[in-house]
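Results of the structural survey
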Amino acid sequence: MHEDGADRDRGPDAATACTALTPAPTRLDRAWQVVYRAAFPLARVWWRVWRRPHVGSLVAVRVGDSVLLVASSYRAEWNFPGGGVKHGEAPEAAARRELAEEVGLVAGSFAGACSVRGVWDGRPDHVHIFELRLDRAPALRLDNREIIAARLFTPGELGRVAVTGPVAAYFERERAAAGSQDG
């Protein structure tokens, strides 16, 4: 059970997080979490009414065959670090900015990229997904406001955890590509 009263399955062994540099949440952090939880459902209603297309950038951080997912304070599903692309901003620049803001990682070079499209959170979305490959688990610094947890998931664990639409689409593309190489 979480402090907001929600009983969310954060996945297998959710306590195994990469958060060594993250201090405990302050009262101000907790207040921001409440604001995010209250605002997100309202934003989703607005997006459903407005239906304006959204462009986002995410980063799939890979350590061996594991992948880093983050938990936000306002949604039940795990996601890759990332967010919206600002007007005039390149998707790769947005990915770098969001990675630094959300988990405190400064990316070297991205290993690859793909784009996925769908209607998520009530709005048409075009999401650019970049890959960052690391040799070892990173030390992260979470903001404790928007992002409240982060951990590496193995391939076997991924099927047992709820993920956002763009992350699910990314893994589906990955499975399809692996299947076409096998056949």
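The structure we're discussing is the one just above.
Reference entry: report on the structure contained in this document. (Residues numbered from 1 in each chain as written. Predicted model: local features only at pLDDT ≥ 70, side-chain atom pairs only at ≥ 80, totals over all residues. Heavy atoms only, no water.)

**A closer look at the environment of Ala90**
Following the sequence through the fold, Ala90 ends up in the loop between β4 (82–84) and α2 (91–103). Note on Ala90: relative accessible area 43%, which makes it partly exposed. Measuring from C-alpha to C-alpha, the distance between Ala90 and Ser57 comes to 9.4 Å, with 33 residues separating the pair along the chain. (Helix = DSSP H or I, 4+ residues; strand = E, 2+ residues; numbered from the N terminus. Buried < 20%, exposed > 50% of the residue type's maximum accessible area, 1.4 Å probe, protein only.)

**Considering the environment of Gly104**
Summarising the element assignment, Gly104 is placed in the loop between α2 and β5 (112–120). In sequence terms Gly104 and Asp143 are 39 residues apart; their C-alpha atoms lie 8.5 Å from each other. Apart from the residues within four sequence positions on either side, Gly104 is in contact with Leu99 and Arg141. (Contact = heavy atoms within 4.5 Å.)

**Here's the deal with the packing of aromatic side chains**
Under the counting rule described, the total for this entry stands at 10 aromatic pairs. Between Phe80 and Tyr170, the ring centres sit 5.2 Å apart and the planes meet at 90°, which makes this aromatic pair edge-to-face. Of this pair, Phe80 sits in the loop between β3 (78–79) and β4 while Tyr170 sits in helix α4 (residues 165–182), placing them 90 residues apart in sequence. Residue classification places Phe80 among the buried residues on the basis of a relative accessible area of 1%. Residue Tyr170 is classed as buried on the basis of its relative accessible area, which comes to 4%. Between Tyr170 and Phe171, the aromatic rings sit 5.3 Å apart at their centres with planes inclined by 70°, giving edge-to-face as the arrangement. Phe171 shares its class with Tyr170; the two are buried. Through pairs of rings, three or more aromatic residues link up here, namely Trp32, Tyr36, Phe40, Trp47 and Tyr74. Over the face of the ring belonging to Trp47 we find Arg123, whose NZ or CZ atom lies 3.5 Å from the ring centre. (Phe/Tyr/Trp six-rings, centres within 6.5 Å; stacked < 30°, edge-to-face > 60°. Lys NZ or Arg CZ within 6 Å of the ring centre and 35° of its normal.)

**A short note on the pairing of strand β1 (residues 54–63)**
A large share of β1 lies buried, amounting to 9 of its 10 residues. The sheet contact formed by β1 and strand β6 (residues 123–134) spans 10 bridges and is parallel. Bridging from a neighbouring strand, His54 pairs with Asp125 of β6. As judged from the 3 bridges shared by β1 and β4, these two strands associate in the antiparallel manner. By the bridge assignment, Gly56 is partnered in β4 with Gly84. Relative to strand β2 (residues 66–72), β1 runs antiparallel, the two being bridged by 2 bridges. The partner of Val63 across the bridge, within β2, is Ser66. Taking the residues that link successive antiparallel strands as the turn, the β1-β2 hairpin has 2 residues, and the phi of Gly64 there is positive, at about 65°. (Pairing = 2+ DSSP bridges.)

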